[in-house]
Amino acid sequence: METTYLETQQISFQDFKNQILEDYKLGRISRELSYLGRREVLTGKAKFGIFGDGKELPQLAMAKVFKDGDFRSGYYRDQTFALAIDALTVESFFAQLYADTSVEREPASAGRQMNGHYATRSLNEDGSWKNLMQQKNISSDISPTAGQMPRLLGLALASKVYKTVEFGGSEKFSNKGNEVAFGTIGDASTAEGHFWETLNAACALQVPMITSIWDDGYGISVPTQNQRAKADIAEMLSGFQRKEGENQGCEIIQVKAWDYPALLDAFARAEHFARTESVPVVVHVIEVTQPQGHSTSGSHERYKSEDRLKWEGEFDGLLKFKEWILDYSIEIETEEQQLATAEELETIENEAKKFVKEGQKKAWDNYQKTLQDIKNVLLPLVETLKIQNAEVAGELEKYAKVVSPAKRDMFHLVRKALFFTRKNRSAEREILEAKFKELFLVEKDNYSSHLYSQSEWKATNVKEILPVFSDNSETVDGRVVVRNNFDKIFSKYPEALIFGEDAGNIGDVNQGLEGLQEKYGELRIADTGIREATILGQGIGMAMRGLRPIAEIQYLDYILYCLQGMSDDLATVQYRTKGGQKAPLIIRTRGHRLEGIWHSGSPMAGIINLSKGILILVPRNLTKAAGFYNTMLQSDEPALIVECLNGYRLKEKQPDNLGEFTVPVGKVEVTKEGTDVTLVTYGSTWRLVMEAAQELENIGISAEVIDVQSLIPFDLSHDILKSVQKTNRLVVIDEDVEGGTSAFILQQILEKQKAFRYLDSDPLTISAENHRPPYASDGDYFSKPSVDDMIEKIYAVFNEVDPEKFPKI
């Protein structure tokens, strides 16, 4: 077991003094960052600023107990902490404020996030994992309040898993589970459900997690008493306090934000509980001040009373720290020792100001140089065209009047110049066009890369391995295929684990995990409470620490509880860090084509539109689902796999190469060939489409049926286009509402694949009613496309083409 901060504090007075003064200096540097950062926004150099002033001391104390291998999941106030663990420099602070797109200068997000959103880089340039045990780790911050909490649970739970799970390379991610996950949250955000769900789960699971609540008394302008049932969150949490002898609950520590020695003690005790006993801890930091208010968007003088503002001035953490340093004295060998004089502290303050100003200037100069380099290349080329075209000259005059031209101003100028000279293809214009395209590709990478993996492990690189069948292949229930495939997976990948409601003891509600908990243990095949948002977060955090989690959401309908985390966190991990972090989580769920408003399972339009960045896979049966699991476990991308809920009892032939065969993502499958019309569908609806296609065949309409299989990515080989080129007619059949997934599929086929050129009839979508099926046994028939619906609507297309051969019904 590693030692904790409490056990390592036998130091000399000189070392103690140096430590105190270093902390004061770093606190002053952080404060100057806040002050100067605000001025940079108000003078127009940056668009928006949100800073951590007032929270310097607790973050310095937290940083002292934060070790290599530990993780933080926090929010946008933690600049002092990031400075203290060397995850942030003065230059990178301002580079982020200016939205510098250089990864080297702004490694947290390459200018993709507002300031205050920090991250360390977990990945090498090729997308492979760094040794996370050789660095202090910050999981990339997100803005939605309390949205960081579910991920925090997973980061902490990974340590518990690593106490017993080892695999090749696991030493990069854990030292026998001795790491602690630190979370930070503003007090107002404790009103969010994510906070309570996460803390509840952590207390039940007993994971090494320290959550620090920065309590400044307000949520922007709304005071604490209007946020929660009790103004004192520690009082509200008192029921979570663990009792002696019980393996449940957490420790709760309350401490003032301006009391430096008490903060050191509080975080030392918190670390000791978490690291040595694997107990979650809440550190409620009260009497926090916010000298500059919430952000640059407004002034806190509008909503704080004069008494409150006066109190904040008197109890500013750095002011109280300074008073404590000046008042401190101790007698050593009959000689009185002090920490510093007022003059020495003033020198530190002046040095901090100078240091910050120099860093800001360097960051601004670097940022401006990037813009100037673009200008130096493109502007002279545009100038060569103004003689040929008066409109270009006019655009140059407009550009010259822009006070602080940004990249967009220069690229706008070039595009206007190319537009105005479109009829005059001169040599000068060709040079400009070529250079513009070259630089535009660079900026496309700066602003739009890494939504999906760009590494050798991206899902589309996984080689297809077909299922193997023989005379000995059994015909079994679909649930047996997926269960036996999971058995192979958990045997093959010791880092793989699955968890969800009823996933463990009973082997999931459809028996797709039957018997596996007994074989692989409660840690790897785990039951959870009913808490979908943190089931997802549990998976995100563990995936960020090198494990291969499968988070099971019992039904597709209830994935809406997860959609915020899927959209704001999981889907954006690679993008918002420009390839610096990844979370290859697999989300397992089941849905489609049943009765009942909340068991009919087709909220796909919302999912595909809100979760770009996650692969969305919709296998038509359980063999295909098993193949997708095998594929994704070789990939470093997150995926949602939707199993067909009505397929578990349907018979399938079980492949002989379970755990090995793969289904390629982004590839459709033609399941019936035809010549007259292309029918495109997915999931459980496929069976009905196949039935309808056969009936259409009987009446002289040859339908080609295509199973999409993968909504994101979609038909990368444009096989649907090839089908439409043959049939000249297209019908998209979908159990989602009208304008839902069918609209997405149609857009991909008509616009991206340009299939409209080959259509002899209007494209047709056959979708569900704009509601979900009622509970009645006939609900599915009347609410979603039935075989009868399909036959009649497709027949009507041919009635229009040849009314004699296909008379109106």
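Residues numbered from 1 in each chain as written. Predicted model: local features only at pLDDT ≥ 70, side-chain atom pairs only at ≥ 80, totals over all residues. Heavy atoms only, no water.

Trainee: Can you walk me through the pattern of salt bridges in this structure?
Mentor: Pairing is possible between side chains that carry opposite charge, provided their charged atoms lie close to one another. Evaluation of the coordinates by the stated rule reveals 53 salt bridges. For Asp508, the salt bridge identified is with Arg588, shortest N-O distance 2.9 Å. Within this pair, whereas Asp508 is found in the loop between β12 (496–500) and α16 (516–520), its partner Arg588 is found in strand β15 (residues 586–591), the two being separated by 80 residues in sequence. By the burial criterion, Asp508 is buried, and Arg588 matches it. One continuous salt-bridge network, built from bridges that share partners, spans Asp508, Glu552, Arg588, Arg590 and Glu643. (Salt bridge = Lys/Arg side-chain N within 4 Å of Asp/Glu carboxyl O. Helix = DSSP H or I, 4+ residues; strand = E, 2+ residues; numbered from the N terminus. Buried < 20%, exposed > 50% of the residue type's maximum accessible area, 1.4 Å probe, protein only.)

Trainee: Just checking my understanding: could you explain the pairing of strand β24 (residues 764–768) for this structure?
Mentor: Every regular strand shows the same layout, with side chains that alternate between the two sheet faces. Relative to β24, strand β23 (residues 730–737) runs parallel, the two sharing 4 bridges. Looking at β24, one finds that Val731 is bridged to Leu764. In terms of handedness, the path from β23 via helix α24 (residues 741–752) over to β24 forms a crossover that is right-handed. (Pairing = 2+ DSSP bridges. Right-handed = clockwise from strand over helix to strand, strands pointing away.)

Trainee: Please explain the pairing of β12 as it appears in this structure.
Mentor: Counting buried positions along β12 yields 5 of 5 residues, so the element is predominantly enclosed. Neither face of β12 is exposed, since Ala496, Ile498 and Gly500 on one face and Leu497 and Phe499 on the opposite face are all buried. Bridge count between β12 and strand β14 (residues 548–552): 5 bridges; the pairing is parallel. Bridge assignment links Gly500 to a residue of β14, and that residue is Glu552. Relative to strand β13 (residues 525–527), β12 runs parallel, the two being bridged by 3 bridges.

Trainee: Which parts of the structure should I look at to understand the packing of helix α2 (residues 56–64) against helix α8 (residues 260–277)?
Mentor: The geometry of a pair of packed helices is captured by two quantities: the angle between their axes and the separation between those axes. Interaxial distance between α2 and α8 falls to 9 Å at its minimum, and their mutual angle equals 35 degrees. Viewed along their axes, α2 and α8 form a crossing whose handedness is right-handed. Contacts between α2 and α8 involve Leu57, Pro58, Ala61, Met62 and Lys64 from the first element and Tyr260, Leu263, Leu264 and Phe267 from the second. Residues of the contact of α2 with α8, tallied by class, amount to 8 nonpolar, no polar and 1 charged. (Axes fitted to C-alpha atoms, helices over the stretch in contact; angles between N-to-C directions. Left-handed = near helix turned anticlockwise from the far one by under 90°. Contact = heavy atoms within 4.5 Å. Nonpolar A, V, L, I, M, F, W, Y, C, P; charged D, E, K, R; others polar.)

Trainee: Is there a simple way to explain the sheet that holds strand β17 (residues 639–644) in this structure?
Mentor: Within a sheet, adjacent strands bond to each other through the backbone by hydrogen bonds, running parallel or antiparallel. Spatial strand order, β13-β12-β14-β15-β17-β16-β22: 7 strands in an open sheet with mixed pairing. Unpaired on one side and paired on the other, β13 and β22 (710–712) mark the two borders of the sheet. Averaged over all pairs of adjacent strands, the angle between their axes in this sheet comes to 20 degrees, without regard to strand direction. As judged from the 6 bridges shared by β15 and β17, these two strands associate in the parallel manner. Of the residues in β17, the one forming a bridge with Thr589 is Val642. Sitting on the sheet, helix α21 (residues 622–632) touches β14, β15, β16 (615–617) and β17, and the angle it makes with β17 is about 165 degrees.

Trainee: What is the right way to read the environment of Gln634 from this model?
Mentor: Structurally, the position occupied by Gln634 is in the loop between α21 and β17. For Gln634, a relative accessible area of 35% puts it in the partly exposed group. Separated by 28 residues in the primary sequence, Gln634 and Thr662 place their C-alpha atoms 9.7 Å from one another. Contact partners of Gln634, with chain neighbours within four places excluded, come to Trp457, Val462, Tyr493 and Thr662.

Trainee: Explain helix α22 (residues 685–698) here, please?
Mentor: Because each turn of an α-helix spans 3.6 residues, side chains separated by three or four positions end up pointing in the same direction. Its 14 residues give α22 an end-to-end C-alpha distance of 20 Å, which sits within 8% of 20 Å, the value for a rise of 1.5 Å per residue. Looking only at α22, the buried set comprises Thr685, Trp686, Leu688, Val689, Ala692, Ala693 and Leu696. For α22, the buried positions fall inside an angular range of 155 degrees around the axis, keeping them on one side. Looking at the buried side of α22, the elements it contacts are β19 (669–672), β20 (677–681), β21 (703–707), β23 and α26 (787–801). (Expected span 1.5 Å × (residues − 1). Arc of directions from axis to C-beta.)

Trainee: Mind showing me how you'd approach the environment of Ser221 here?
Mentor: Relative to the helices and strands, Ser221 is located in the loop between β5 (218–219) and β6 (222–223). Among the residues examined, Ser221 registers a relative accessible area of 35% and is labelled partly exposed. In this structure the C-alpha to C-alpha distance between Ser221 and Lys304, which are 83 residues apart in sequence, comes to 7.9 Å.

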